There are 4 protein chains.
Amino acid sequence: MIVILKHNTKEEKRNQLIDWLKKQGVDVHVSQGEYQTVLGMIGDTSKIDKDLVASLEIVDSVKVVTDPFKCCNRKFHPEDTVIQVGDAKIGSGSFCMIAGPCSVENEEQIVGIAKAVKASGANMLRGGAFKPRTSPYDFQGLKATGLELLKIAKAETGLPIVTEVMGVNDLPLFEDVDVIQIGARNMQNFDLLREVGKLRKPILLKRGLANTVKELLMSAEYIMAGGNDQIILCERGIRTFDDYTRNTLDLAVVPVLHELTHLPVIVDPSHATGVAKLVRPMALAAAACGADGLIIEVHNDPMHALCDGAQSLLPEDYHKLARDVEQIREVIAK
Amino acid sequence: MIVILKHNTKEEKRNQLIDWLKKQGVDVHVSQGEYQTVLGMIGDTSKIDKDLVASLEIVDSVKVVTDPFKCCNRKFHPEDTVIQVGDAKIGSGSFCMIAGPCSVENEEQIVGIAKAVKASGANMLRGGAFKPRTSPYDFQGLKATGLELLKIAKAETGLPIVTEVMGVNDLPLFEDVDVIQIGARNMQNFDLLREVGKLRKPILLKRGLANTVKELLMSAEYIMAGGNDQIILCERGIRTFDDYTRNTLDLAVVPVLHELTHLPVIVDPSHATGVAKLVRPMALAAAACGADGLIIEVHNDPMHALCDGAQSLLPEDYHKLARDVEQIREVIAK
Amino acid sequence: MIVILKHNTKEEKRNQLIDWLKKQGVDVHVSQGEYQTVLGMIGDTSKIDKDLVASLEIVDSVKVVTDPFKCCNRKFHPEDTVIQVGDAKIGSGSFCMIAGPCSVENEEQIVGIAKAVKASGANMLRGGAFKPRTSPYDFQGLKATGLELLKIAKAETGLPIVTEVMGVNDLPLFEDVDVIQIGARNMQNFDLLREVGKLRKPILLKRGLANTVKELLMSAEYIMAGGNDQIILCERGIRTFDDYTRNTLDLAVVPVLHELTHLPVIVDPSHATGVAKLVRPMALAAAACGADGLIIEVHNDPMHALCDGAQSLLPEDYHKLARDVEQIREVIAK
Amino acid sequence: MIVILKHNTKEEKRNQLIDWLKKQGVDVHVSQGEYQTVLGMIGDTSKIDKDLVASLEIVDSVKVVTDPFKCCNRKFHPEDTVIQVGDAKIGSGSFCMIAGPCSVENEEQIVGIAKAVKASGANMLRGGAFKPRTSPYDFQGLKATGLELLKIAKAETGLPIVTEVMGVNDLPLFEDVDVIQIGARNMQNFDLLREVGKLRKPILLKRGLANTVKELLMSAEYIMAGGNDQIILCERGIRTFDDYTRNTLDLAVVPVLHELTHLPVIVDPSHATGVAKLVRPMALAAAACGADGLIIEVHNDPMHALCDGAQSLLPEDYHKLARDVEQIREVIAK
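A separate point is the overall build of chain A. Secondary structure summary: chain A contains 10 helices and 14 strands in total. Once the C-alpha set of chain A is aligned to its principal axes, its extents read approximately 75 × 45 × 40 Å. Of all intrachain contacts in chain A linking residues separated by at least 6 positions in sequence, the fraction that spans at least 24 positions is 67%. On chain A, roughly 11800 Å² of surface is accessible, and the fraction owed to carbon and sulfur atoms is 49%. Taking the average location of the 38 positive side-chain charges in chain A and that of its 45 negative ones, the two points are 2 Å from each other.

Below you can see the structure in the form of C-alpha cells.
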C-alpha cells in the first residue's frame with residue numbers, strides 16, 4: 001500500500017499517521033519528493049482500511065499494490081486450471097460446448113434437446129430447474145422435478161448436467177448435478193458462495209451485471225477459500241447505457257481474465273444479447289478471442305418455450321455454429 | 001401489450017401470429033396504418049413472453065402497456081403507506097432518521113453511539129452484525145453476538161433496531177430485530193425475498209447497484225406477494241462510469257418512486273458516496289427532494305472502526321446535520 | 001508518478017526502465033519492498049506517457065500523483081472564483097438563477113418569458129438560438145435571428161443573456177452575448193474550447209454525458225490555458241443504465257468540484273431529467289448540496305414550444321421554486 | 001407514434017389531446033382496451049414532440065414506431081453500401097485493413113510504418129495529424145505538416161490515407177486525404193457533420209463513448225442529408241463502469257448495425273482497449289462477428305511514440321494478426 005500525502009502536510013500530522021500505520025503492524029518508508037510525500041507500507045497491509053486512510057485530511061490518495069485475491073491469482077499459480085466433468089475438459093486448450101434449453105419443461109423436451117445438442121457436438125447439457133425471475137408472477141421452474149428430468153436426460157445421453165442453484169437450502173437436491181451454476185444475480189450472495197465452497201464439485205460462476213473483474217475474482221476467492229478450487233468463470237454481459245441488446249457482452253474480459261487468473265473462462269452469448277440472431281456472431285467472436293467454452297441456449301420449439309424462447313437457437317442452427325466454432329479455434333490455435 | 005409489425009409483413013405471417021396470440025388467451029385488435037400494422041392485445045398478457053414475440057422475423061417491436069408490479073403500484077393503492085416502527089413512523093410526511101455504525105463492534109461502542117445518535121434526534125439505530133464483504137478475508141461481522149449487542153443498545157435507549165440479514169438460514173436469529181435490511185447485493189436474491197415475505201415485520205429493501213426502478217419494485221413485489229406489505233425502499237447509489245465517488249447517488253429516483261409506488265423511500269448517503277465529507281451535502285439534498293428518511297453511518301471513533309470508517313460521521317457532525325435536515329423539511333413542507 | 005514493478009522482475013530489465021525514465025528528464029527513487037519494487041519519479045513527469053509505461057511487461061501498475069489540471073486547481077488558487085455578469089454574481093456564496101425557454105421562438109415569446117422570470121427573481125435569461133439536435137430533421141433554432149431577439153429581451157428587462165454556441169464560425173455573432181454556453185456534446189470539442197479561451201467573457205461549460213470530473217476540469221483548463229479564466233461549470237446529468245429519466249443527475253459532483261476547483265458550479269435540472277415535474281425536487285436538492293446557481297427551462301406555453309416543452313416549468317411554478325430555493329440556501333448558509 | 005393513456009382518463013381530457021394531435025397534422029385512431037386506451041397516430045409524426053406528449057398528466061407513455069433515420073436505413077435501401085477508396089473496397093464482403101501510427105511524427109517514421117503495414121496486407125494507412133487530447137498540455141499533433149507527411153507516405157506506398165479532422169476550419173487542408181475521420185468526441189459536433197456532408201469523399205464516423213446505436217445512425221444521417229453517402233461506421237468502445245480496459249468494446253453492435261443500416265461497419269480494437277496485448281484477441285473477435293474492416297495502431301518503436309505507444313502493435317505482430325484475420329474471415333464466409 002502506498003499513501004500519497006497532500007502538498008504542505010505538517011510534519012506533526014504526518015508523523016501521527018505514520019505512528020498509526022505502524023500500530024497496524026506494518027513498516028513505513030517515507031519518500032520525500034518535491035511536490036509530494038509518499039509513504040510506502042512494507043508488510044501485511046490486508047487489515048488496513050484503505051478507504052479510511054484515503055479519507056484523512058492530509059491524504060491525497062492511497063494506492064493498493066498487492067491484489068486482494070490469492071487462490072485464483074495466476075501470479076501464485078501460473079499453470080492453467082483444467083476442470084474435468086465426465087469426459088469433458090475445460091481450460092488450457094480444452095474447449096467445452098454447453099447447450100440446452102433455458103428451462104427444463106418436461107421429459108420429452110429435455111431428452112430431445114439433449115440428444116440433438118449431443119449430436120451437434122455439445123459435451124454438456126444445461127437446463128434450468130430453479131429459475132431466477134424478476135417477477136414473482138413468472139414461471140419459476142420445475143424445481144426438484146426439473147432436476148429429476150435432467151438426470152433422465154443425462155442417463156439417456158451421457159452428457160454431464162449444468163444447472164443453477166438459487167439458495168443454500170436447495171443444495172442437497174444438487175448432489176447428482178455435475179456442475180452447479182451460480183447465476184449473475186447471486187455472484188455476491190456470499191452465504192451461497194461459502195456453502196458451495198464446502199463442496200468438491202465444479203462451480204460455474206457467472207459475472208454479475210455490474211460487477212468488476214476484481215469482484216468476480218473475489219467471489220471465486222470466496223469459493224476457493226472454502227477449499228473448492230474447481231471454478232469455471234463465465235462472462236454473460238454487463239449493464240450499460242446501451243439499449244439495443246439486453247446486456248453488453250464484454251469480450252475483452254476473456255483475455256484479461258486469462259492474464260489475471262488460472263481459472264477457465266467461458267462465455268454465454270444467449271443471455272448477454274437476449275436475441276437468437278445475435279448468438280451466432282457473438283459465439284464466434286468469443287471463440288476467436290480465446291474463450292474456453294460456450295454456454296448456449298438451444299430449444300427445439302422456441303415459440304412454445306416457457307422461458308427465454310427469444311434467445312434460443314434451433315438445433316440445426318446450433319449444429320452449424322458448433323462446426324464453425326471448431327474451425328475458428330483451429331485458426332487461433334496455430 | 002402492443003405488437004408493431006414490420007413494414008410489408010405478409011398477411012399469412014401476420015395471421016399466424018394473431019392465431020398464436022389468441023391461443024395464449026388474449027383478444028387481438030388490428031390497426032392498419034400507412035407504414036405499419038399495430039396489434040393491440042386485450043386481456044391478461046402476463047403469460048406472454050414479450051422477448052419471444054419481439055424476436056420474431058415479422059415483428060418490429062413490442063410495447064408492454066401494463067406495469068408488471070401490482071401490490072406496490074400506486075395506481076391500485078393511491079394512499080401512501082406509513083410504516084410504524086416502535087414510536088417512529090415512516091412515510092406520508094413522517095420522516096425517519098436511522099443512524100449508527102457500519103458494524104457492531106462491542107457493547108461500549110454500540111451503546112455509546114446509540115445514545116449519541118438518539119440525543120441528536122435519530123429515531124432508529126442501525127448497525128451491521130452480518131456484513132456482506134467483497135473479500136472472504138475481511139471482517140465478516142460479529143453475527144449472532146452482534147445481534148445480541150444491538151438488543152442491549154435497544155434496551156438502553158429505546159431505539160428500534162435495523163440490521164441486515166444475508167441468508168435465509170440466519171432469519172430465526174432476527175426475531176427481535178425491528179426492521180430487517182436486505183442489502184443491495186441481495187436485492188435479487190429471490191429466495192431471501194420470498195422468505196421475508198412470510199414475515200410480518202418491516203423490511204428495508206436497498207436498491208441494487210445496477211438495478212432499474214422497475215426491478216426494485218419487482219423485488220418489493222416478491223415480498224408483498226408473500227403477504228408482507230411493510231417495505232421501506234432505499235436508494236444507495238448506482239454503479240456508473242464515474243470514479244470519484246464510490247457510487248452515483250441517484251436522487252431523482254425519490255420523486256419518481258413516489259409517483260410509481262405508495263411505499264416510503266429513504267436515502268443512504270453514506271454507502272453511496274463512501275466519504276464522510278460528502279454525506280452532509282447529499283443528506284441535505286435527499287431531504288430537499290422529498291425523501292422519507294435517511295440512514296447514515298455514525299461512529300464515535302472512525303479511525304478505529306472495523307469497517308467503513310471513511311464514510312462515518314462523528315456524532316457532533318450528525319447532530320448539526322439532523323438539525324439542518326429538519327429545517328429543510330420545513331421549507332419543502334410549506 | 002509512481003511505477004510499481006511486477007514481483008520477480010529481473011534487475012537488468014528494471015535498470016533498463018530506470019535508464020529510460022531518466023532520459024525523459026526525471027529522477028528515479030527506488031524503494032524495494034518484500035513483495036514489490038516501487039519507482040518514484042521526481043521532477044516534471046508531464047511528458048511521460050503513463051499508459052505506455054503501464055503496458056510494459058515488467059510493470060504492474062502506474063500511479064499518477066500530481067493533477068494534470070493547473071489553472072482551475074484549487075490547490076494553486078484556494079480562493080473561490082466569483083464571476084460577475086451585469087449585476088449578477090456567481091460563486092463564493094453568490095447564487096445565480098438563470099431561466100428561460102429552451103429555444104427562442106419569436107419576440108413576444110422571449111420578451112414575455114424574460115419579464116416573467118425576472119419578476120420571479122431570475123437574474124439571467126437563457127434561450128437557445130443555435131440548437132444541437134440529434135436529428136438533422138428537427139428544428140435547429142432561429143440562429144442569428146434568435147440572437148437578435150435575445151438582445152431585444154435583454155434591452156427590455158436588463159437581464160444578461162446566456163446562449164449556446166455550436167461552432168467556431170458562429171462566434172463573431174456572439175459579441176453581445178453575456179455568457180457563452182458550451183453544450184454537453186461539445187465539452188471535448190477542443191477547437192471550440194481553444195477559441196473561447198481567446199475571449200474575455202464568461203463561459204458556461206456543461207459536463208458531457210459520459211465525462212468524468214477530471215475531463216470536465218481538463219476542458220476548463222483548455223479555456224483557461226488560453227487566458228480566459230471566467231468559467232462556470234455545469235452539471236446536467238450523465239448517461240447510465242437508468243432509463244426512467246433522460247439522464248442521471250449526479251449531484252455529488254457539486255461538493256466534489258468545490259473541493260477540486262475554485263470555479264463556480266451550477267446545476268441544470270431541466271435537461272438532466274427531461275420532465276417538468278422532476279425539475280422542482282432536483283432544483284431544491286441542488287441548492288441543498290451547495291450549487292452556486294441553477295439554469296432552468298421556463299416556458300409560458302409548453303404545449304406549443306418548438307423544443308423541449310416536456311421539461312419546461314410554467315412561470316408560476318418557477319416563481320414558487322425560486323422562493324423555496326432561496327429558503328433552502330438560508331438553511332445551509334447558517 | 002402510439003400514445004397510451006392512463007387508466008381512468010376523463011373523456012374530456014382525452015378529446016382535448018386528440019384535437020391537439022390532429023392539429024399537428026396527423027390522424028388519430030382510438031383503441032379502447034379494458035385497462036387502457038391507446039391512440040394510434042397515422043401520418044407524418046416527425047414534427048410532434050414525443051417527450052412533450054409523454055409529460056402530459058393523462059399520458060402513461062408514448063411509443064415511437066417509425067425510425068427517425070431514413071437515408072442510412074436498410075429498410076429503404078436493402079443493398080449493402082460498398083465504399084471504394086483507391087483500390088480498396090469496404091462493405092458487402094470486402095474487408096479493409098487500416099493500419100498506422102497514432103500520430104504522424106516525422107517522414108522516416110510514417111513512411112517506414114506505411115511500408116511495413118502494406119507488406120503485411122494493410123490496404124489503407126492511418127495516422128493522426130490533428131490530435132484530440134484531453135489535456136491542452138499534451139502533444140496536439142503536427143497538424144498541416146502531418147498531413148504533408150501522410151501524402152509523402154501515400155506517394156511512396158500507394159496506400160490511401162485516413163486521418164482525423166477536428167474542426168470545420170481545417171477542412172480545406174484535407175483535400176488530398178482519401179478518408180476523413182470524425183472522432184468519437186466529435187460524433188455529435190453537428191456543425192462538423194454538416195460540413196463533411198457537403199463533401200463527396202468517404203467519412204469514417206466513430207461512435208461516441210456514450211452514444212447509442214440510434215444516435216450513431218442519426219449522426220450518419222446528418223452527413224447523408226447533406227448529400228454525402230460514403231460513410232464508414234466505426235465501433236471503438238463505450239464507457240461503462242468497467243475499469244480494467246480503457247473502454248468496453250461493444251462487438252454486438254456489428255451485427256446489430258448490419259441489420260439496421262446498409263453502411264459498412266469497422267472496429268477499432270486499439271482505442272477501445274488501450275493495451276497492445278488485447279488488440280489481437282479483440283481484432284480476431286471483430287472479424288469473427290462480421291466486421292467489414294479493422295483500424296489498428298501499429299508503431300515500429302512504441303517506446304518512443306509521441307502518443308498512445310501503449311496500444312500500438314509492432315509491425316511483426318500486425319503481420320501475424322492480418323494473416324489470422326484473413327483465415328477467420330474464410331471460416332465465416334462459408
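Here the narrative resumes.
A rotation about some axis, followed by a shift along it, carries one copy of the chain onto the other. Turning chain D through 180° and shifting it by 0.0 Å along the axis lays it on chain A, with an RMSD of 0.0 Å. Considering both components of the superposition, the chain copies are consistent with a two-fold axis. Minimal C-alpha distance to the rotation axis in chain D is attained by Ala285(D), lying at 2.0 Å. Mapped onto chain A, 100% of the interface residues of chain D again fall at the interface, so both copies present the same surface.

Residues and elements named next belong to chain D. One can describe the packing of helix α3 (residues 107-119) onto helix α4 (residues 144-157) by two numbers: an axis separation of 9 Å at closest approach and a directional angle of 40°. As judged from the angle between their axes, α3 and α4 are oblique. With respect to the hand of their crossing, α3 and α4 are arranged in right-handed fashion. Counting all contacts with α3, which are made through Glu107, Ile110, Val111, Ala114, Lys115 and Lys118, the residues of α4 involved are Leu149, Leu150, Ile152, Ala153, Glu156 and Thr157. Split by residue class, the contact of α3 with α4 holds seven nonpolar, one polar and four charged.

Under the defined criterion, the tally for this structure stands at 80 salt bridges over all chains. Note that Glu148(A) and Lys151(A) form a salt bridge whose closest N and O atoms lie 3.1 Å from each other. Taken as a pair, Glu148(A) and Lys151(A) lie in helix α4 (residues 144-157) at a separation of three residues, close to a single helical turn. When its relative accessible area of 23% is taken as the criterion, Lys151(A) is described as partly exposed. One salt bridge in this structure joins Arg239(D) and Glu215(C), with 2.7 Å as the shortest N-O distance. Separated into two different chains, Arg239(D) in the loop between β12 (231-235) and α7 (253-260) and Glu215(C) in helix α6 (residues 213-225) make up a pair that spans both. According to the relative accessible area criterion, Arg239(D) is buried, its value standing at 18%. Residues joined by salt bridges that share partners form a network here, namely Arg207(A), Glu235(A), Asp250(A) and Asp242(D).

All right, on to the pairing of β12(D) then. Residue and element names in this part refer to chain D. Of all five residues in β12, five are buried; the element is thus mostly enclosed. Burial along β12 is two-sided: the residues Ile231, Leu233 and Glu235 and Ile232 and Cys234 are all buried. Where the polypeptide runs from strand β11 (residues 203-206) across helix α6 (residues 213-225) and back to β12, its parallel neighbour, the crossover connection is right-handed. Sheet topology note: the β12/strand β13 (residues 265-267) ladder contains three bridges and is parallel. Counterpart to Glu235 in the pairing with β13 is Val267.

With that settled, consider the pairing of strand β4 (residues 59-63) of chain B. Residues and elements named next belong to chain B. With respect to burial, β4 is a largely interior element, four of its five residues being buried. Direction of pairing for strand β1 (residues 2-5) relative to β4: antiparallel, over a ladder of four bridges. Looking across to β4, one finds that Ile2 is bridged to Lys63.

Our next topic: the nonpolar core. With 316 residues, the main nonpolar core has Leu205(A), Leu205(B), Leu205(C) and Leu205(D) as its most contacted residues. What Leu205(C) contacts, discounting residues up to four positions off in sequence, is Ile182(C), Met187(C), Leu193(C), Leu216(C), Ser219(C), Ala220(C), Ile223(C), Ile231(C), Ile232(C), Leu233(C) and Cys234(C).

So, about the environment of Leu278(D). Checked against the element boundaries, Leu278(D) lands in helix α9 (residues 276-288). Note: C-alpha distance between Leu278(D) and Gln311(D) (33 residues apart in sequence) is 8.5 Å. Once you skip the residues sitting within four places of it in the chain, Leu278(D) turns out to touch Ala252(A), Pro255(A), Val256(A), Thr245(D) and Thr273(D).

Residues and elements named next belong to chain C. Along the polypeptide, Thr81 turns up in the loop between β4 (59-63) and β5 (83-85). Its relative accessible area of 13% is what places Thr81 among the buried residues. Among residues more than four places away in sequence, those in contact with Thr81 are Ile90, Gly91, Asp229, His262, Leu263 and Pro264.

Below, the discussion takes up the relation of the copies chain A and chain B. With an axial shift of 0.0 Å and an RMSD of 0.1 Å, the rotation relating chain A to chain B amounts to 180°. Looking at chain A, 100% of its interface residues are interface residues in chain B too, so the copies touch through the same face.

Turning our attention to the interface of chain A and chain B. Taken residue by residue, the interface counts 48 residues in chain A and 48 residues in chain B. Of the roughly 4000 Å² buried between chain A and chain B on both sides combined, carbon and sulfur atoms contribute 53%. Considering only the surface of chain A that becomes buried against chain B, Tyr137(A), Arg239(A) and Met303(A) emerge as the three largest contributors, covering 16% of it. Seen at the junction of chain A and chain B, the total is two salt bridges. Linking chain A with chain B are 17 residue pairs in polar contact (both at pLDDT 80 or more), by the criterion used here. Elements represented by at least two residues in the side of chain A that touches chain B include exactly α2 (50-54), α5 (190-197) and α6 (213-225) of chain A. For the side of chain A that touches chain B, the element with the highest residue contribution is α6(A), accounting for five residues. Each residue belonging to the side of chain A that touches chain B can be placed in one class, and the counts come to 19 nonpolar, 14 polar and 15 charged.

Within the secondary structure, Gln188(B) sits in the loop between β10 (179-182) and α5 (190-197). A distance of 2.9 Å separates polar atoms of two side chains, one belonging to Gln188(B) and the other to Arg185(A). Other than its neighbours up to four places away in sequence, Gln188(B) contacts Thr134(A), Arg185(A), Asn211(B), Glu215(B) and Ser219(B).

The subject of this paragraph is the interface of chain D and chain A. In this assembly, 38 residues from chain D lie in contact with 38 residues from chain A. Between chain D and chain A the total buried area reaches about 3000 Å² when both faces are included, carbon and sulfur atoms providing 69% of it. The largest contributions to the chain D side of the interface with chain A come from Phe241(D), Tyr244(D) and Val331(D), which together make up 21% of the buried area. In this structure, the connection of chain D to chain A is made through four salt bridges. Note that Lys277(A) and Glu259(D) form a salt bridge whose closest N and O atoms lie 2.9 Å from each other. One can count eight residue pairs in polar contact (both at pLDDT 80 or more) joining chain D with chain A. Examining the composition of the side of chain D that touches chain A, we find that seven residues originate from one element, α9(D), more than from any other. For the side of chain D that touches chain A, the per-class residue count stands at 22 nonpolar, six polar and 10 charged.

So, on to the sheet that holds strand β3 (residues 37-42) of chain A. All names here are of chain A. Overall, antiparallel pairing links the four strands, which are arranged β2-β3-β1-β4 in an open sheet. Across the chains shown, the open sheet's two edge strands, defined by having one partner strand only, are β2 (27-32) and β4 (59-63). The average undirected angle you get between the axes of adjacent strands in this sheet is 20°. With respect to the sheet, helix α1 (residues 11-23) is in contact with β1 (2-5), β2, β3 and β4, its orientation differing from that of β2 by roughly 150°.

Throughout this description, disulfide means a covalent bond between two cysteine sulfur atoms. This structure, assessed with the given rule, holds zero disulfides over all chains. Cys289(C) takes part in no disulfide bond, and the closest cysteine sulfur to it belongs to Cys289(B), at a distance of 10 Å. Overall, Cys289(C) belongs to the buried group, its relative accessible area being 5%. The thiol of Cys71(D) is not disulfide-bonded; the next cysteine sulfur, from Cys72(D), is found 7.1 Å away.

Here we come to unusual backbone geometry. The phi angle at Ser92(A) is positive, at roughly 55°, despite the residue not being glycine. With respect to the helices and strands, the residue Ser92(A) is situated in the loop between β6 (88-90) and β7 (96-100). Here Lys143(C), not a glycine, exhibits a phi torsion of approximately 55°, which is positive. For Lys143(C), the position within the fold is in the loop between β8 (124-126) and α4 (144-157).

About the thresholds
Residues numbered from 1 in each chain as written. Chains lettered and ligands numbered in written order. Predicted model: local features only at pLDDT ≥ 70, side-chain atom pairs only at ≥ 80, totals over all residues. Heavy atoms only, no water. Helix = DSSP H or I, 4+ residues; strand = E, 2+ residues; numbered from the N terminus. Contact = heavy atoms within 4.5 Å. Areas by Shrake-Rupley, 256 points an atom, 1.4 Å probe, with all protein chains shown as cover. Lys, Arg positive; Asp, Glu negative; His and termini not counted. Charge placed at Lys NZ, Arg CZ, Asp CG, Glu CD. Least-squares fit on C-alpha atoms with pLDDT ≥ 70 in both. Axes fitted to C-alpha atoms, helices over the stretch in contact; angles between N-to-C directions. Parallel < 35°, antiparallel > 145°, perpendicular 65-115°, else oblique. Left-handed = near helix turned anticlockwise from the far one by under 90°. Nonpolar A, V, L, I, M, F, W, Y, C, P; charged D, E, K, R; others polar. Salt bridge = Lys/Arg side-chain N within 4 Å of Asp/Glu carboxyl O. Buried < 20%, exposed > 50% of the residue type's maximum accessible area, 1.4 Å probe, protein only. Right-handed = clockwise from strand over helix to strand, strands pointing away. Pairing = 2+ DSSP bridges. Core = buried A, V, L, I, M, F, W, Y, C linked by side-chain atoms within 4.5 Å. Buried area = accessible area lost by both parts, 1.4 Å probe. Polar contact = N/O pair within 3.5 Å; in protein donor to acceptor, adjacent residues only side chain to side chain. Disulfide = S-S within 2.5 Å.

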